[in-house]
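So you can see what is in the structure, the chains are spelled out below.
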Amino acid sequence: MSFFSGPKSLNNTEGYMLHFVVLSCTTNPNSAHKTIQVTGANAWGSAKRTKFASTQVAYNRYWICGDLANPPECFAVITRSAVDTAKFLKLTNADCFIGSEFYIFEPSHTDSSVGNTILLCEADRAKPLIPARQYNRLCQTVSFMDEPRQSQTPNFFVLNKTTIELSRVGICPDTSCTGIQCDRQKSYKGCSCQFTSNTVSLVYTFDVTFHIPPELRKGDDFKVQNYRSLRTTQLFFEDFDDHATRVAPVEDGLSIFRHRELIKKMVQFININGGWTIIGWYQKGQILDSTSDTEKIDNDHFHLHLVSVFPTDYVSNIQKNKHYKKLQIKRRGNNASTVRESTPNVGTNTSPATDAHRGASDDSSAATNPGH
């Protein structure tokens, strides 16, 4: 993004693309009630000296994006109206954009920023989002994961081939939207979808534990609680839309312990068959200084926000793997494990790793013995 924000005389953007991943999207349907502070550079006087001026700008959508060509830097994109948003998203086919990879072809030069840190690209001057190839593997950014240099500046990260643990799997208690663009990662009031669907607003929530670099001073493993994602939820079901319309949330709550057993096996299967790609971001906030009522200081504590938890080698190892498909939760009546009455057995030691290794070894034997 910095390439497109330098002096106009130095940058010719012809033929260039801005390559990024969407980290978050905030909606403002009335396009007036919420504003952001935008700082821009202007030439003043006969000497054309640069002067920076700030103003409050209303928006329809406000996006935070990770610059894949310059990790861990992030930038912002705003659309001023619903018409601008529709033009910006017209090539996405109403697919999920949170945690997804996109390009903007030949974006216009920008010398603005949000606050003092995040460079701004206004979508009304940019071309529409161009979706990248689906299930494309992003470059890992673990070497750039360090403590944020300054407050109010988001850093993004991509971790590939990571092993994870999912715990406290359950149905999200609050109402989600019925769309898919926001990945149902927020409640209905926080939905940023432009389109909705006729499906039921059901999504699962997870506690996600994974390894992070020690440079973040968070320890070896880190747990993100109550992560919700439609894309991650769909991994564990043969047909999640069908499941959501046929099973009432209360009834599904009674069977959640049976689902947890299967989900743990699927998580372990993916762990040893390519692992997971985790995309997220973090930033330092500010808190009031204890010695002052007005002065703020940087907060040393910061949270990791997840935007995507998905198999790294989904197409090659998971999507059509017959052993993984056997583990997926089927519609009622098609999978004995989903209709068998059971309750959690605290004294039982399940071993999902054994089943997962067995599935992987069966795949290798099938490859060497095509006649079987």
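All of the points below concern the structure found in this document. (Residues numbered from 1 in each chain as written. Predicted model: local features only at pLDDT ≥ 70, side-chain atom pairs only at ≥ 80, totals over all residues. Heavy atoms only, no water.)

Attention now moves to the overall build of the protein. Each helix and strand in the protein was counted, giving 9 helices and 17 strands. With 372 residues in all, the protein has 47% of them scored as buried. The contacts of the protein with a sequence gap of at least 6 include a subset with a gap of at least 24, amounting to 70%. When the accessible area of the protein is evaluated, it comes to approximately 19,400 Å², of which 49% is carbon and sulfur surface. (Helix = DSSP H or I, 4+ residues; strand = E, 2+ residues; numbered from the N terminus. Buried < 20%, exposed > 50% of the residue type's maximum accessible area, 1.4 Å probe, protein only. Contact = heavy atoms within 4.5 Å. Areas by Shrake-Rupley, 256 points an atom, 1.4 Å probe, with all protein chains shown as cover.)

A few words on the side chain of T85. Mapped onto the elements of the fold, T85 is located in helix 1 (residues 82-88). In this structure T85 comes out as buried when scored by relative accessible area, which is 1%. A polar atom in the side chain of T85 sits 2.6 Å from the side chain of N60. Ignoring anything within four residues of it in the chain, the contact list for T85 reads N60, R61, T79 and Q194. (Polar contact = N/O pair within 3.5 Å; in protein donor to acceptor, adjacent residues only side chain to side chain.)

So, about the pattern of salt bridges. Applying the stated criterion across every chain, the model contains 4 salt bridges. R168 is paired through a salt bridge with D207; the nearest N and O atoms lie 2.5 Å apart. With R168 in strand 11 (residues 164-171) and D207 in strand 12 (residues 204-211), the pair connects residues that are 39 residues apart, well separated along the chain. As a salt-bridge pair, R228 and D174 come within 2.8 Å of each other at their nearest N and O atoms. Here D174 lies in the loop between strand 11 and strand 12 and R228 lies in strand 13 (residues 221-228), a separation of 54 residues in the sequence. (Salt bridge = Lys/Arg side-chain N within 4 Å of Asp/Glu carboxyl O.)

Turning our attention to the packing of aromatic side chains. Applying the stated rule across the entire model yields 13 aromatic pairs. Note on Y59 and Y62: the rings are 5.8 Å apart at their centroids and 55° apart in plane angle, and the pair reads as tilted. For the pair formed by Y59 and Y62, the shared burial category is buried. One aromatic cluster is present, built from ring pairs that chain together F20, F75 and F102. (Phe/Tyr/Trp six-rings, centres within 6.5 Å; stacked < 30°, edge-to-face > 60°.)

Read across the open sheet, the 3 strands follow the order 11-12-13; overall the sheet is antiparallel. Every interior strand has two partners, whereas the edge strands, strand 11 and strand 13, have only one. Ignoring strand direction, the axes of neighbouring strands in this sheet form an average angle of 15°. Sheet contacts for helix 5 (residues 256-271): strand 11 and strand 12; angle to strand 11, the most-contacted strand, approximately 155°. (Pairing = 2+ DSSP bridges. Axes fitted to C-alpha atoms, helices over the stretch in contact; angles between N-to-C directions.)

Worth remembering: the numbers are spatial, not functional.
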